[in-house]
Amino acid sequence: MDRNSNAYTFIFSIAMVLVVAVVLSFLATSLKPMQSKNVKQEKMQNILNTFVGDSLEVDGKKMELTRVLASEKFDEYIKNQYTLNYKGETVEGVEAFNINLATEIKKPVDEQNFPLYEAQYNGQSYFVIPLRGSGLWDAIWGYVALKQDLNTIEGVIFDHKGETAGLGAEITTDWFQERFKNEKIYDGNKIVGVEVKKGYSGGTDKSDHQVNAISGATITGDGVTNMMKERLSKYKPFFEKLKNSKLAIR
Amino acid sequence: MSDQKKEIKTKEEKKKEEMILFLSKSEEKEAFLSKANRKLLTDPLDDNNPITVQVLGICSALAITVQLKPAIVMSLAVVFVMAMGNVVVSLMRNLVPNRIRIIVQLVVVASLVIIVDQVLKAFLYDVSKQLSIFIGLIITNCIIMGRLEAFALGNGPWKSFLDGIGNAAGYGVILIIVAFFRELLGSGKLLGFEILGHKGLTMAESTGLYALGYENNGFFLLSPMALIVVGLVIWYQRSRNRKLIEEN
């Protein structure tokens with residue numbers, strides 16, 4: 001058959017598209033369970049990481065908090081999972097872990113569900129709040145663990161979809177996340193979160209609600225600032241309730 | 001080839017046929033790593049480097065050379081996609097209709113990239129996180145399309161494989177050189193290790209060069225510096241390799 005005829009071109013392209021479609025969809029469907037397992041385990045790892053850190057002691061041995069280990073320990077450390085509405089009331093019938101913040105955040109605020117995890121580790125209680133916002137190029141997200149006073153940050157973890165490597169993507173590094181430790185999210189009676197501040201000169205001051213930014217990553221840093229403020233302030237009604245009830249001192 | 005068949009064909013097609021026959025014949029005779037084949041591997045590293053001589057693939061050289069590690073990982077991913085893409089296109093070269101060959105090449109490269117991405121996500125999740133958007137960016141790398149069009153469509157699979165490896169390596173070498181200088185001078189680190197000492201908040205808390213008052217050059221973190229470093233590499237390469245200098 002003539003390689004340059006229209007008929008051949010059509011037959012060739014149809015055949016090619018079919019072959020590629022079959023190969024790729026077979027690959028995607030057969031790998032899907034493994035991929036979702038990885039994503040689920042990573043979520044558990046991130047949540048635990050905010051208050052456990054990179055490693056934990058298991059049977060007297062120091063072990064790295066891997067995805068597999070995190071999925072084993074998740075139910076042990078996470079005592080309660082709440083789904084809240086904007087008034088701070090618990091919502092029944094929606095499992096906090098299955099809430100997809102990416103879609104949730106696009107809804108009007110009175111229709112949103114806010115997931116919250118209550119953890120118990122080494123005799124301490126922590127509250128882990130999932131975050132989501134936008135960086136320079138795409139979504140950024142993370143988790144922040146608050147101590148029992150609902151004000152002091154125990155640890156944070158950030159991740160991103162497509163921030164610039166070496167600049168915005170540095171929000172995932174330990175040295176950046178370390179800066180948030182022990183920062184306070186309440187300024188008086190208001191939740192202000194923590195500001196990622198360019199040219200910060202406060203050293204290790206933990207009471208100014210500011211941390212040093214990353215050079216070359218101003219917009220990603222602002223994204224982190226906004227994300228923390230926006231997300232954390234939504235939990236204020238629930239925090240107030242907790243503080244006023246005896247529930248807080250469990 | 002029977003004479004009857006040949007008669008039907010136009011002159012042009014005859015010539016093409018002969019070329020292909022000639023190429024495939026010469027391929028059979030040649031040793032696996034003959035001198036000509038070795039040249040396919042080594043030429044793109046220096047004399048015909050895709051970045052410094054052909055000035056292709058500059059955009060990704062800007063984007064991912066702030067640190068050494070992503071640059072290395074990107075280079076490896078490009079080696080894989082380019083070698084495989086070249087082989088696949090080379091195997092199909094006598095079937096592909098001329099008018100839609102670019103689309104076919106794009107489909108091949110895009111499929112390979114998706115395969116790499118999906119497999120990494122399932123089995124090497126951490127590596128896939130490390131690569132994030134770069135995997136997708138491989139599709140846009142003009143070196144790949146360039147080699148498919150210029151080489152794989154006219155050569156056998158083994159030669160195309162070598163050409164793919166060679167060009168991807170030539171691309172990777174420049175990427176790694178640029179990333180080396182940008183990470184070292186921009187953040188004082190290499191692969192994340194603090195090479196020039198630790199930079200504390202004050203000079204007293206710092207060690208190594210930082211204790212002497214050395215400061216990182218923030219300009220190296222910005223994209224323009226990648227172009228400048230590539231320019232310096234080109235300068236150095238041409239001063240060493242005189243035949244690259246254009247007459248005019």
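In the block above lies the structure referred to throughout.
Below is a short write-up of the structure. What you see is a predicted model, and the numbers here were worked out from it, not measured in a lab.

1. Digging into the pattern of salt bridges
Here the idea is simple: oppositely charged side chains can pair when their charged atoms come close.
Residues and elements named next belong to chain A.
So, point 1. Summed over the entire model, instances satisfying the criterion amount to 10 salt bridges over all chains.
So, point 2. The salt bridge partner of Lys 161 is Asp 138, with a shortest N-O separation of 3.8 Å. Of the two residues, Lys 161 is situated in the loop between β7 (153-160) and α4 (174-178) and Asp 138 in the loop between β5 (124-134) and β6 (139-146); the sequence distance between them amounts to 23 residues.
So, point 3. Under the relative-accessibility criterion, Asp 138 is labelled partly exposed at 32%.
So, point 4. A salt bridge links Lys 181 to Glu 178; the shortest N-O distance between them is 3.8 Å.

2. Quick word on a nonpolar patch on the surface
So, point 1. Taken together, the side chains of B:Ile72, B:Leu76, B:Ile176, B:Leu191, B:Phe193 and B:Ile195 make up a nonpolar region of the molecular surface, amounting to roughly 560 Å² of accessible area.
So, point 2. Checked against the element boundaries, B:Ile176 lands in helix α10 (residues 157-187).

3. Regarding the pairing of strand β4 (residues 114-121) of chain A
Residues and elements named next belong to chain A.
So, point 1. Taken across its eight residues, β4 has seven buried, putting it largely inside the fold.
So, point 2. Pairing between strand β3 (residues 78-84) and β4: six bridges, direction antiparallel. Bridging from a neighbouring strand, Ile 78 pairs with Ala 119 of β4.
So, point 3. Relative to β5, β4 is paired through five bridges, and the arrangement is antiparallel. Within β5, the position partnered with Tyr 117 by the bridge is Val 128.

4. Thoughts on the sheet that holds β5(A)
Remark on secondary structure: sheet strands pair via backbone hydrogen bonds, oriented parallel or antiparallel.
All names here are of chain A.
So, point 1. Here five strands make up an open sheet; going across it, the order is β3-β4-β5-β6-β7 and the pairing antiparallel. Only two strands of the sheet have a single partner each, and these edge strands are β3 and β7. Geometrically, the sheet is characterised by an average inter-axis angle of 20° between neighbouring strands, direction not taken into account.
So, point 2. Contacting β3 and β4, helix α2 (residues 67-77) crosses the sheet at an angle of about 80° to β3.

5. A few points about the environment of A:Gly166
So, point 1. Residue placement: A:Gly166 occurs in the loop between β7 and α4.
So, point 2. C-alpha separation for the pair A:Gly166 and A:Gly88, spaced 78 residues apart in sequence, amounts to 38 Å.
So, point 3. Among residues more than four places away in sequence, those in contact with A:Gly166 are B:Val66 and B:Gln67.

6. Things to note about the side chain of B:Lys189
So, point 1. Counting through the fold element by element, B:Lys189 comes out in strand β1 (residues 189-190).
So, point 2. We classify B:Lys189 as buried; its relative accessible area is 18%.

Rules used throughout
Residues numbered from 1 in each chain as written. Chains lettered and ligands numbered in written order. Predicted model: local features only at pLDDT ≥ 70, side-chain atom pairs only at ≥ 80, totals over all residues. Heavy atoms only, no water. Salt bridge = Lys/Arg side-chain N within 4 Å of Asp/Glu carboxyl O. Helix = DSSP H or I, 4+ residues; strand = E, 2+ residues; numbered from the N terminus. Buried < 20%, exposed > 50% of the residue type's maximum accessible area, 1.4 Å probe, protein only. Patch = residues over 30% accessible without salt bridge, like charges linked within 9 Å, V, L, I, M, F, W, Y side chains within 5 Å. Areas by Shrake-Rupley, 256 points an atom, 1.4 Å probe, with all protein chains shown as cover. Pairing = 2+ DSSP bridges. Axes fitted to C-alpha atoms, helices over the stretch in contact; angles between N-to-C directions. Contact = heavy atoms within 4.5 Å.

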